[in-house]
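# Analysis of the macromolecular model
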Amino acid sequence: MDDLARRLKGRALALGFDRVGIAPAQAPPGYPHFLAWLDAGRGAGMGYLADHAGARAHPGAILEGVRSVVMASLVYGGRSGQPAVGKVARYARGADYHTALRGRLELLAEWLRDEAPGVSARAVVDTAPLMERDFARLAGLGWIGKNTMLIDRKLGSFTVLGALLVDADLEPDAPHASSHCGTCTRCLDACPTGAFDGPYRLDARRCISYWTIEHQGPIPDAAAGELHGWAFGCDVCQDVCPWNRKAPAARIPEFAPRPEWEAPDLVEWLTRSKWRWKRLLTNSALRRAGRSGLVRNAALTLGVAGRVDAVPALAARLADPKEDPTIRHAAAWALGRIDAPEARAALDAHARG
Ligand code: SF4
Ligand code: SF4
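It should be emphasised that the depicted structure is a prediction, and the values quoted were computed from it without experimental measurement. (Residues numbered from 1 in each chain as written. Chains lettered and ligands numbered in written order. Predicted model: local features only at pLDDT ≥ 70, side-chain atom pairs only at ≥ 80, totals over all residues.)

### Observations regarding the overall build of the protein chain
Regarding its fold elements, the protein chain presents 16 helices and 10 strands. Computed over C-alpha atoms, the radius of gyration of the protein chain comes to 22 Å, within 12% of the 20 Å expected from 2.2 N^0.38 for 353 residues, which places it in the range of a compact globule. Taken over 353 residues, the protein chain has a buried fraction of 45%. Across the protein chain, contacts joining residues at least 24 apart in sequence account for 78% of those joining residues at least 6 apart. (Helix = DSSP H or I, 4+ residues; strand = E, 2+ residues; numbered from the N terminus. Rg over C-alpha atoms; globule rule 2.2 N^0.38 Å. Buried ≥ 20, exposed ≤ 12 C-beta atoms within 10 Å, placed from the backbone. Contact = placed C-beta atoms within 7 Å.)

Right, dumping it as structure tokens:
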């Protein structure tokens, strides 16, 4: 299977992947750390992680008889400025990474089945409980940095990972055994909400990415006031990493930033029709938060910024009885943060019913 592994990697690169490596299917070494992280409540409201925690103990839970885990990465990075209020994490500014990864992994699986009849292969992109970063390290793609991201010496950490589980022994790569963080603590120091309890220990309960993407419903006051201009995700602990200083830009056309996420206008988010939201969220990673989460985030962020120009749009959301309750809650919260007579008038009108 040595030659098959070599040709498989060549095929993956030809399909547009930036890096590919192979790990043996085994219990991931980071699994006990993951369980301790969950037990400490650091997973916040991500109940789905706990629901499938046991399955992460071995990739055999995803593909019976799995012997090899092919890990492949795509770079999504590239330098571009964003407004101080209304920032969208880099990975979400282009087309949905799930689609970009899955399409290529399915083609790779098809190629493998043709080359090695009888072999089973299953593509995994965030859709099955696999400890992707652990397997990427085992496959030699890089090390897990103190910010918990996988860091590739040449590509940095602005990459997304996909896996192909294979029930055949493919020649594995040497694991990336060393760490190159050294004495650096930039990511830990730069986090605007102090979400790191220490190196490699991220507490989702204080992370902007968690609140703006994963959390459904109203965001508690303390976290709502600490979004630091982010409308979806947060890149700070990656932006400051020295290994991203020379990181390359995305090569695949799907990751070219879309204008609506590259320079978002949050006041327009508040007034955008549901139909237009649906259209813009098609093939976008922002779909995970949905209109409810995104308009909520926009309202809160504008409120913290004290944006008087957002008052009419916030007042309209609050006054609409058919509006999503999460959005109405956020609109009221935001109006309460804006020091302007028209904001107070909108809240008074709402209180009077
Ligand atoms: S994503 Fe942002 S809030 Fe979360 S740990 Fe990194 S810097 Fe902190
Ligand atoms: S900022 Fe420094 S400590 Fe953090 S991941 Fe990068 S190299 Fe490691």
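### Some points on the site of ligand 2
Lining the immediate surroundings of ligand 2 are G145, K146, N147, C181, C184, T185, R186, C187, V240, C241, P242 and W243. For the shell around ligand 2, the class distribution of residues is seven nonpolar, three polar and two charged. (Near = placed C-beta within 6 Å. Nonpolar A, V, L, I, M, F, W, Y, C, P; charged D, E, K, R; others polar.)

### Some details on the site of ligand 1
In the vicinity of ligand 1, the contacting residues are C191, T193, A195, L202, C207, I208, S209, C234, V236 and C237. Those elements that provide at least two residues to the shell around ligand 1 are α7 (208-214) and α9 (236-239). Across the shell around ligand 1, the residue classes tally to eight nonpolar, two polar and no charged.

### A short note on the domain arrangement of the protein chain
When cut into domains, the protein chain gives domain 1 (2-77 + 93-166) and domain 2 (265-353). Summarising the inter-unit geometry, the C-alpha centres of domain 1 and domain 2 are found 37 Å apart. (Domains from an automatic or database assignment.)

### Let's talk about the nonpolar core
The biggest cluster of nonpolar side chains holds 108 residues, and the ones touching the most others in it are M71, A299, L314 and L335. Among the elements that line this core, the one with the most residues is helix α15 (residues 325-337), at seven residues. Mapped onto the domain boundaries, this core takes at least three residues apiece from domain 1 (2-77 + 93-166) and domain 2 (265-353). Not counting chain neighbours up to four residues away, the residues in contact with A299 comprise L270, L314, R317, I327, A330, A331 and A334. (Core = buried A, V, L, I, M, F, W, Y, C linked by C-beta atoms within 7 Å.)

### Topic: the sheet that holds strand β1 (residues 19-24)
Across a sheet, strands are paired by hydrogen bonds formed along the backbone, either parallel or antiparallel in direction. Strand order in this open sheet of four strands is β1-β2-β7-β4, and the pairing throughout is antiparallel. Two strands in the sheet have a free side with no partner beyond their single neighbour: β1 and β4 (121-124). Between one strand and the next, the sheet's axes are offset by a mean angle of 20 degrees, whatever the strand orientation. Relative to strand β7 (residues 159-166), β4 runs antiparallel, the two being bridged by four bridges. The partner of V124 across the bridge, within β7, is A163. (Pairing = 2+ DSSP bridges. Axes fitted to C-alpha atoms, helices over the stretch in contact; angles between N-to-C directions.)

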